[in-house]
Structure formats: C-alpha cells, structure tokens
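# Reading the structure
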Amino acid sequence: MPLLEAQPRYQADLREQGVVARQELGPARSSLNRLESLAERELEEVTRLLDHLTYVHLKNDADKIAKEVIRGARTALKFFDNFAQLHPIASGVVKALSVVIDLECQRHENDAHIAVVHTSMVKTVFHLRYLNHVKDSFEEESLKGAMTVLCKDMAKTIKKFGEFVDTYHIHWQKTVKFLFSYAHKKALEHFSEEFEKLRREMDDMYKSTMQIQMATVLSNTTEILNRIRFVDPETLQAQRFVEAKGGPNAVLQDPLLIDQVAVHLKEKVTHTMRSVLQVGFDDLLSRHAPRFHIKYQSVEAHIVQSERRVVEISEGPHKIIEDAELQQLWIRLHEYYYGQLHAEKPGASITSEDAWTLEYFSRAMYYAAIGDIIDDDGSGYISALELNAFLKSEQRCLPKWTKPQWFAFWASGWHNNNAWYHDEIDHVMQSVQDTIQNADLDSRNPHWESATLALQSLKSLLLVVDNEEFSSVDESRVPYQLMRLQQEFREYEEKTISEKLHHFGFYLVDRASIVAVVGDTRIELHMMPLLHILAKRIRDLVSKIVQQQHLSSQDVCEIEALVTSCIAVFVAFDSRLRELSRGWRLEAKDIGMQVDRYADGLFKKYFTKPWLFHKAYDDLRCSMFGDEHELPRHLRPVMRTQLSVSAASV
C-alpha cells in the first residue's frame, strides 16, 4: 500500500480506537471535569487574594494572606491526583507539585513573595488540563513526545523551586533574609519566568495539534511581586542604613556593618549567621541541595492520596488488612499464637523459639501499648492503612523479626529502651556539665560564656521525654530474648539516624527535617535515640574544646547548630502534643487522662509541668540568640500558655 494512502488509514484507526477508549473512561472523565471546575474556582479565589495582597502594608497581614493562598492552591491537588491517573504522562509533575505544596503547607510562616510564585507554579501545572480535552488518539499521539519532554522540564523546575524555598526558610534570621533579599528577588523572578515559559510552550503545542478554544492566561506575577510593599519600621531603618553604606554587597564585606544591620533588626549576630553571609546565597543553594533531596524523598514517602478507612481497634473488617496472618490474629493475639504454637503444624506463625512472647499477649495492658504504636492519630481507632503502613515500616519493624517479636517489642521493649535512653542522656549531660565546670578556659571569653550557659540549659530540653515509670524498669526481670531485640533496635535506629544527621550537618531547623532524619511522622517514637545522638555529639564537642584549650569559630557554629537542633526537636514534640490534644478534644475525651496513658505516658511530665521546660527554653534562647530576639514560629513552642492552663486543671 502506498505511504500516502496508509497515513489517513492509520489516523482513522487511531481515532476509532480513541472513541472506544474514551467511552470506557467516560465516568472517570466526567468526575475529572467536575474536579476541574472546582479547582478553577479555587484558583480564581487565590488570584483574588493575590490582588488583595498588593494593598496590604503590614507584614503580619500579608503573611496571613500568604498562608490562605498556599492552602487554597493545595485544594487543587485532588484534581491533579485524578488527572495523573488518566494521564500518566503528568504523574512526575503532579508528584513534584504535591511534595513542594506539602512542604510549604507544613511551614508555620509563609512568605508573601514566595506565595505569588507558588501560585504561578500551580497555575502552570493546571494548564496541563487541556490534555483532558484531547479528542482522539491521533491528537494524543501527536502530543506525546513533546509533552513528555515538557513534563520532565516542569517537574525539574518545580523541584528546583522547592529547593530554593527550603533554602530560604532554613536560614531564618531576619538579618540573613534582609541582606540576601536582592538574591531572593532575582531567584523569584527567574522561577516566575520559567513557569511562564512552560505555559507558552504548552500553548504552542495545543494550538498546533488540537482544535479547541483555550482560555487566555494573563501572567502578572512580576507586577504583583513589584507592587508588594510592607511598612516595617525596623526594616526601613535597616534599609536606609544599608543604602547609606553603599548597598548590600558593601555591607556584606564589613563585619562591623553587618553587626549594625542586626542591631536595627533587633537581632544578635551569631557565628552561624556570619558564616552564612560570607558564603553567598548561590553557594548556600548548592550546599542545601543534598539535604533538600532527603526531605523531598521523606515527604514523597509519606504522602497518602487515598482516603483512610477507620477500623476500631477491637473489632472490624479485618479483610482489608493486607497481611493474611494479621487478618486472623488481630482480634485476639494471645489465643491465635497459643493455638498456632500447640498445633505444631508445618509453617506455623509462631515457633517454640518465640514462645516467650505469649506472656505479652496474655495481658490486656500490653494491647494498648501495641495499639498506640500503630494508631498514628491517637484516636483509639486503627485504620487498615495504619496497620499496613506499620507492617511495611522499617522504622517500626525490623525485617528479620517475626511478627510475635514485633508485637512483644512494642508491648514492652520500646518502653524499656526509652528508660535506658533517659538514663544515658542524663548521664551524658551530667558529664558535659562536669567537664564545663572543670574546664580551664578563659571565662572572660564572651563566646565561651554564652556557649556554657546554653549547654547547661540544654539538659532539661533533652530530658523532655520523661516518665515516672522509667525508674521502675528492672532489667533482671526482662527476658533475655526481649533484651536482645531492644539492643538490635537501638543499634539499628542509632545507625540510620546518625547517617541522616550527618547529611544534615547535625543542623535541624524544622519538623520536615526531623521527620526526614527519623524516617517517620510519629516523631515521639524515635525522639529518644535522636536526642541521645545529639547529647553524645555535644559531649564529644565539649571534650574536644576543653582538650584543645581553645574555642574556635567553627566550634561555636557547631554549638549553635546543635542548640538549634535540640530546640527544633523540643518544639516538634510540643507540636505533636498539640495535634493529639486537638484530636482528643474533638472526640470529647479527657485530655489529661489521654496524656497519662498514651504512648506509656511519654508526654505526661511536659503536659503537667510545662514551666520547667519553658524556662530552660527561654534561657537557651537568650544565651544563644539574644534577649530581645524572639525565634520564628517554627522554633517556638506553640502550647506554652495553653499547656500551663490545661495542666492546672489536671
């Protein structure tokens, strides 16, 4: 057959196949069209908020609008998730967008300028929606090659934007943000242009292939960025000072001028801040890239796009649990394993080597402990998804353990490990205090003085995870098999957490970085090994400083990083208690009673005596960052007054 005759016939075959396929996907496309309309309306509301943003002059008001903008853009994710199922070509883009949006929504503070470009990013991805209006397989095939390349470029640009935003936020000091504002502005304009370029490329593809009427997308991102102005007396004073001294580049070359800028902004110049300003923002981006990659992978792993089905802990539809063995045993652990052991059948779920675990399944008190480990939201109800996630998580179950061993460890072994860590941290920090007191360093050195004050205040925060029952753990009564599991889990956790901490330079500044390091959104399950590693790092650093009889600038930077990490972990612990308390309050449960029993009473001391830890936090903040400076929201405990009131009623 001649080529000219074959081509129309090939096109006709493709169109015929496309008609059949689209008839089969009819309900899915109809649902997607509804979601598209909802997403379009939400993005119109976001656009209205951005217009309103240009008339706001107080930074606090602008930050509130920025948070609304980010949350509004997030509502479009349901459309994108469904869109990617029908158009796998866009799955990489949607995945990148979901991670970057999730990271931005986790932040306690959102920047107005970033929110503007963030919206431009979401609108660019939303422009992919026209793929849903492809009429037949011929049009789809014509678009496929070029669209594959464009989607890869789009996903890459989204990740790079997320990397920039994360770098911007981890360097949270006002002085750093102010002196690097020109670099931030340049980067935001670059990403705005990149997203606009991607939209234009999509338009060209659609127009050359499809016969549809597309809505005109007017991009005014740059205009909005230029029109945003805040009235902040401190920033205005600093701005006049910098202009009088020759601009940001001139100021960055002179440490004394940097000090004066910080005074205008009511900040103390730390060694870390000075080191960051010497590096330059482009180098900071390059340094942060590997750390952001770890955070990106962590968030990607924890995004769950399906709805959670709730199953009560003691009964329910166990067939949706993926593990066949657990479908049978979840209702009555002891009866199941006891029967398996005495049946003596080949391939039984439990062998004589694990017979010791039966003691832990015969006591009701251990069922609550096991349930708490699986029950992520502390509701007292367990979803099948929670149980399936527990079974697949290496952070909660070592692959080589049998299921009876898993349950026995979480019934009692985890509590025993926490008691062990508590004693070790107490011992390590006492050693640090003794070393500081016996040190023969120049006490007149202001950096050593502030460092010792900070390190001495750290002990309370490192022991925030406390339980009066820790002292009652009698190792002589713990079966040697469980002791072995406890040691294996401690070794595994400390190894994996240490490796990731090294990637982060032992510098954790937000909850997302902590989750990435421990590998679990349930921070309280892994706080003790994390705090133990940080405590040992502090001990080794102090010993080195005392041995060398000299406190270098690098040593001070490392102390500041460790102090910031400990504060971040403490605040994450505080935030987790707030999440749990909100859920218990909505369920009309007695919060004091829930705190007393949840996770073996891990939060009890902090809940009942918060002032002990808040004083240590304030002393630490003042000694390290200055009396006048209040740390940003992601490094401030958000339940301080609320906890005090709640504790008084317990």
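All figures in this text were calculated on a predicted structure; none of them were measured in a lab.

### Side note on the confidence of the model for the chain
Looking at the chain as a whole, its pLDDT mean stands at 81, while 80% of the residues score no less than 70. Residue range residues 1-24 is modelled with pLDDT below 50. Its contacts to residues more than four positions away, or to other chains, number 16 contacts.

### Focus: the packing of helix H5 (residues 91-106) against helix H6 (residues 112-126)
One can describe the packing of H5 onto H6 by two numbers: an axis separation of 11 Å at closest approach and a directional angle of 155°. The orientation of H5 with respect to H6, classified from their angle, is roughly antiparallel. Where H5 crosses over H6, the two elements pack in a sense that is left-handed. Here Val93, Leu97, Val100, Ile101 and Glu104 of H5 lie close against H6, whose contacting residues are Ile114, His118, Met121, Val122 and Val125.

### Concerning the pattern of salt bridges
Any two side chains of opposite charge can pair if their charged atoms end up close together. The tally for this structure, following the rule as stated, stands at 33 salt bridges. One salt bridge connects Arg107 with Asp166, and the closest N-O pair in it is separated by 3.2 Å. Here Arg107, found in the loop between H5 and H6, pairs with Asp166, found in helix H7 (residues 137-170); they are 59 residues apart in sequence, far enough to count as distant. Comparing Arg107 with Asp166 shows no difference in burial state: the two are buried. Salt bridges linked by common partners bring Glu104, Arg107, Asp166, Lys295 and Asp510 together as one network.

### Focus on the packing of helix H26 (residues 553-586) against helix H29 (residues 610-625)
For the pair H26 and H29, interaxial distance at closest approach is 11 Å and the crossing angle is 150°. When the axis of H26 is compared with that of H29, the two are roughly antiparallel. Taken as a pair, H26 and H29 cross one another with a handedness that is left-handed. In this structure, H26 uses Ile559, Glu560, Val563, Thr564, Ile567 and Phe570 to contact H29, whose residues at the interface are Phe613, His614, Tyr617, Leu620, Met624 and Phe625. Here the residues of the contact of H26 with H29 sort into nine nonpolar, two polar and one charged.

### Focus: the nonpolar core
Counting residues in each nonpolar core, the largest one holds 103 residues, and the members touching the most others are Leu458, Leu462, Leu501, Leu530, Ile538, Ile559 and Ile567. Looking at this core element by element, the count peaks at 16 residues for H26. For Ile538, the contacting residues outside a window of four places in its chain are Val432, Leu455, Leu458, Leu462, Leu562 and Cys566. Core analysis: the next-biggest nonpolar cluster, separate from the first, contains 92 residues, Ala39, Leu128, Val269 and Tyr296 among them.

### Focus on helix H24 (residues 511-518)
In an α-helix, one turn spans 3.6 residues, which is why side chains three or four residues apart end up on the same side. Burial runs high along H24: seven of the eight residues are buried. Those residues of H24 that are buried lie in contact with H5, helix H15 (281-302), helix H23 (480-503), helix H25 (527-548) and H26. Within two residues after H24, Gly519 carries a phi angle of roughly 75°, on the positive side.

Definitions and limits used
- Residues numbered from 1 in each chain as written.
- Predicted model: local features only at pLDDT ≥ 70, side-chain atom pairs only at ≥ 80, totals over all residues.
- Heavy atoms only, no water.
- pLDDT = per-residue confidence, 0-100.
- Contact = heavy atoms within 4.5 Å.
- Axes fitted to C-alpha atoms, helices over the stretch in contact; angles between N-to-C directions.
- Helix = DSSP H or I, 4+ residues; strand = E, 2+ residues; numbered from the N terminus.
- Parallel < 35°, antiparallel > 145°, perpendicular 65-115°, else oblique.
- Left-handed = near helix turned anticlockwise from the far one by under 90°.
- Salt bridge = Lys/Arg side-chain N within 4 Å of Asp/Glu carboxyl O.
- Buried < 20%, exposed > 50% of the residue type's maximum accessible area, 1.4 Å probe, protein only.
- Nonpolar A, V, L, I, M, F, W, Y, C, P; charged D, E, K, R; others polar.
- Core = buried A, V, L, I, M, F, W, Y, C linked by side-chain atoms within 4.5 Å.

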